[in-house]
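Spelled out, the chains give:
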Amino acid sequence: MSTGAIETVEPVVPSDFKPGAVRGTDKPPGRSEIGIALIFILPALIGFLVFYLYPFIRGFYFSLTRYNLLGTPTFIGLDNFTRLFQDPLFWNAILVTVEYVVINIVLQTILAVAIAVLMHRLTQSTVIRGLILLPFLISNVIAAMLWFWMLDYQIGLVNGFIAAIGFDKIPFFGDSAWAIPTIAIVNVWRHMGYTALLVFAGLQMIPNYVYEAAAVDGSTEWKSFWRITMPLLRPVLALVLVITVTGSFQVFDTVAVTTRGGPGNASRVIQYYIYQKGFTEGQFGYASALCVILFIILATVAVIQLRMLRAGESDLA
Amino acid sequence: MATATAPSRVAAATEPEITRKRINLGRVAAWAAMIILILITLFPFYWMLRTAFSTTKSLFSDPASLLPVDFTTGAFQRVLGLATPAEAQAEGGSGAAVNFWLYLRNSVVFATLATAGQVFFCALAAYAFARLRWPGRDIVFFLFLTALMVPPIFTMLPNFILIKNLGLINTFPGLILPYFLMTPFAIFFLRQFFLGISREIEEAAKLDGAGHWRIFFRIVLPMSTAPMVTLFILTFINMWNEYFWPLLVGGGENVRVLTLAIGIFRSQTPQGSPDWAGLMAAVLVAALPILILFFAFAKKVVNSIGFSGLK
């Protein structure tokens with residue numbers, strides 16, 4: 001019944017989400033303004049060439065060299081990559097990072113969708129949206145420090161509470177099994193409000209009368225959520241996931257100021273491993289090879305996600 | 001709409017009591033869940049405040065008290081360098097000098113200059129992409145956008161080499177340059193807004209003999225104050241919170257920014273008992289400028305999040 005309700009509203013949906021991107025491109029061809037355009041674009045173009053394109057190409061080149069930062073890079077072909085695939089610490093970094101991403105993204109997405117749906121159905125208040133966003137405004141470093149204190153083994157609030165209700169205290173950052181989940185949860189706290197606002201923006205694109213019509217047909221809130229909200233939200237959710245998953249793979253700050261990769265190798269995530277290889281061990285070529293792998297992983301994940309969630313096609317449009 | 005409201009009125013008439021009760025219960029539960037989520041979001045901020053106003057020594061005697069233990073502003077005085085080493089040690093601080101004001105100045109310089117340059121130059125470029133006709137425009141724009149796909153660390157490593165070879169390590173130019181001229185996102189963001197501005201006024205100005213330079217500064221920029229301010233705030237927050245790039249090129253005292261200083265402050269404290277009150281005070285003061293900025297422009301920031309995320 002409720003799906004029938006959706007079909008009837010399809011043509012009415014305002015589709016002003018994308019046209020902005022098209023508007024500028026379809027004007028009639030005329031006199032080229034290349035001279036003045038060059039002046040306008042020159043600073044950005046220099047910025048792009050010097051700090052994006054050039055290092056991008058150079059990054060690939062460094063990945064094929066041995067380079068300790070002091071001398072000049074020596075070309076060694078694919079040696080870094082063959083070494084890398086036999087490096088247990090590399091595989092450990094991949095494993096640990098994937099563990100982090102899974103815990104981080106699953107919790108964060110569930111909570112963000114919950115917050116967004118609650119806000120959507122309860123209140124449009126900017127104040128509440130602002131409060132929800134607060135953790136995102138402070139830096140990763142500050143969020144990490146704050147939770148490092150709250151989760152302290154000796155006198156942290158959380159462990160005090162755990163002890164008070166009769167359980168054993170947990171060495172959150174000091175235990176190999178707990179380090180990654182802990183870091184993941186700290187970053188869920190920081191990012192869930194931001195992600196919720198992204199989802200919320202998607203929810204606002206679903207017209208209210210879809211819900212009204214569903215309610216008329218006797219659909220409960222719960223049913224409406226699964227039959228209307230989730231299907232219509234899918235394209236937005238896909239984009240949000242591409243952004244959050246890509247970001248999640250690049251976790252660094254929290255690790256750098258709390259566990260520093262430890263205990264042992266328990267939280268040595270990819271980006272931290274790259275940093276250590278490049279800057280504490282001076283193996284810049286090897287670090288660059290790791291960057292190439294990270295880039296390939298991220299690009300692949302993004303493509304797979306967009307495919308799986310069929311982001312291109314919306315049920316609304 | 002008319003057909004939708006009619007049956008609902010009928011349904012409401014037949015079983016008004018039950019429906020209302022169920023809806024109310026559901027709403028109460030939903031509000032309860034919402035409030036819990038807001039509490040989880042906000043409580044750590046309170047705890048930060050509570051700790052910062054305590055003395056580190058007494059935190060050990062009463063770790064669970066909801067109010068500050070031995071209320072004092074000592075931690076803030078320590079952080080801001082207003083306490084003597086003896087006073088600091090008496091409250092559980094390390095007694096070592098923290099150059100907080102210097103780091104604050106560095107953060108302000110870095111974030112302000114990087115943001116100002118980026119917003120201005122990206123506005124210029126965005127205008128060229130949105131309004132001017134030139135061959136290859138769409139290809140160049142697409143190229144700029146693909147840069148969003150590359151993880152920042154990929155370009156930061158070679159950028160480090162470049163900055164190092166230019167001899168700009170531990171200088172503000174070294175810190176600022178990679179952000180100063182463009183980011184793909186800023187150009188994309190402003191281009192979207194410029195495309196939405198009505199052309200009629202520009203056409204009229206053109207007929208009056210105004211050139212593109214004049215149109216940009218006299219018409220387009222004044223009409224885009226709102227998105228420019230939004231972009232400025234979003235970029236400023238990002239710059240203020242940046243950690244990785246300053247870690248690579250800005251470790252020296254003279255250019256060390258707050259995020260980096262806090263990381264170092266934490267690693268300097270002995271493993272056994274860090275100066276928690278001092279750390280929380282430092283963290284609070286470091287976050288304060290952003291929080292003030294946010295409260296001043298909360299509505300703009302909040303409403304722009306949907307747009308900024310869904311690139």
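Residues numbered from 1 in each chain as written. Chains lettered and ligands numbered in written order. Predicted model: local features only at pLDDT ≥ 70, side-chain atom pairs only at ≥ 80, totals over all residues.

Visitor: Any details on the overall build of chain A? Residues and values, ideally.
Guide: A count of helices and strands for chain A gives 14 helices and two strands. Buried residues in chain A amount to 44% of all 317 residues. In chain A, of all internal contacts separated by at least 6 residues, the share reaching a separation of at least 24 is 72%. (Helix = DSSP H or I, 4+ residues; strand = E, 2+ residues; numbered from the N terminus. Buried ≥ 20, exposed ≤ 12 C-beta atoms within 10 Å, placed from the backbone. Contact = placed C-beta atoms within 7 Å.)

Visitor: Talk me through the overall build of chain B; I want residue IDs and the actual numbers.
Guide: Helix and strand counts for chain B stand at 17 helices and zero strands. Across chain B, every contact between residues at least 6 apart in sequence was considered, and the portion connecting residues at least 24 apart equals 72%.

Visitor: Account for the environment of H120 of chain A, with residues named and values stated.
Guide: Residue and element names in this part refer to chain A. Structurally, H120 is set in helix α5 (residues 88-122). With 19 C-beta atoms packed within 10 Å, H120 lands in the partly exposed category. Separated by 121 residues in the primary sequence, H120 and L241 place their C-alpha atoms 20 Å from one another.

Visitor: Go over the packing of helix α3 (residues 34-62) of chain A against helix α6 (residues 100-131) of chain B with me, naming the residues and quoting the values.
Guide: Two elements in contact, α3 of chain A and α6 of chain B, have axes whose closest approach is 8 Å; the angle formed by their N-to-C orientations is 125°. What the angle tells us is that α3 of chain A and α6 of chain B run oblique. In the crossing of α3 of chain A with α6 of chain B, the sense of the turn from one axis to the other is left-handed. Here A37, F40, I41, P43, A44 and G47 of chain A of α3 of chain A lie close against α6 of chain B, whose contacting residues are F121, C122, L124, A125, Y127 and A128 of chain B. For the contact of α3 of chain A with α6 of chain B, the class distribution of residues is eleven nonpolar, one polar and no charged. (Axes fitted to C-alpha atoms, helices over the stretch in contact; angles between N-to-C directions. Parallel < 35°, antiparallel > 145°, perpendicular 65-115°, else oblique. Left-handed = near helix turned anticlockwise from the far one by under 90°. Nonpolar A, V, L, I, M, F, W, Y, C, P; charged D, E, K, R; others polar.)

Visitor: If you had to explain the nonpolar core to someone new, which residues and values would you point to?
Guide: Counting residues in hydrophobic clusters, the biggest one holds 175 residues, and the most contacted among them are M145 of chain A together with C122, A125, M280 and V283 of chain B. The residue makeup of this core includes at least three contributed by each of domain 1 (2-88) and domain 2 (100-268) of chain B. (Core = buried A, V, L, I, M, F, W, Y, C linked by C-beta atoms within 7 Å. Domains from an automatic or database assignment.)

Visitor: Which residues make up helix α12 (residues 212-223) of chain B, and what are the values?
Guide: All buried positions along α12 of chain B are accounted for by H212, F216 and V220 of chain B. For α12 of chain B, the buried positions fall inside an angular range of 45° around the axis, keeping them on one side. Opposite the buried face of α12 of chain B, by more than 90 degrees, sit the exposed residues F217, R218 and P222 of chain B. Next to the buried residues of α12 of chain B lie α3 of chain A together with α6 and α10 (184-196) of chain B. (Arc of directions from axis to C-beta.)

Visitor: I'd like a description of the interface of chain B and chain A, backed by residues and values.
Guide: The extent of an interface is frequently quoted as the accessible surface area lost upon association of the parts. Across the contact, 78 residues belong to chain B and 82 residues belong to chain A. In terms of residue count, the dominant contributor to the side of chain B that touches chain A is helix α2 (residues 16-52) of chain B (14 residues). Considered class by class, the residues forming the side of chain B that touches chain A number 60 nonpolar, 14 polar and four charged.

Visitor: Tell me about unusual backbone geometry, residues and numbers included.
Guide: At L69 of chain A, a position not held by glycine, the phi torsion is positive, near 80°. One can find L69 of chain A in the loop between β1 (65-66) and β2 (74-75). Residue class for L69 of chain A comes out partly exposed when judged on the 15 C-beta atoms lying within 10 Å of it. Phi is positive for N170 of chain B, which is not a glycine, with a value near 60°. Relative to the helices and strands, N170 of chain B resides in the loop between α8 (152-165) and α9 (172-180).

Visitor: Break down the confidence of the model for chain A for me, citing the residues and quoting the values.
Guide: In the predicted model, chain A carries a mean pLDDT of 83, and the fraction of residues at 70 or more is 87%. Of the regions scoring below 50 in pLDDT, residues 1-29 of chain A engages in 31 contacts with residues more than four places distant in sequence or in other chains. (pLDDT = per-residue confidence, 0-100.)

Visitor: Can you explain the environment of A126 of chain B? Please cite residues and give values.
Guide: All names here are of chain B. Structurally, A126 can be placed in helix α6. Overall, the presence of 29 C-beta atoms within 10 Å leaves A126 in the buried class. Through-space distance from the C-alpha of A126 to that of N106 is 29 Å; in sequence the pair is 20 residues apart. Among all residues touching A126, those that are not within four sequence positions of it are I187, L190, R191 and F194.

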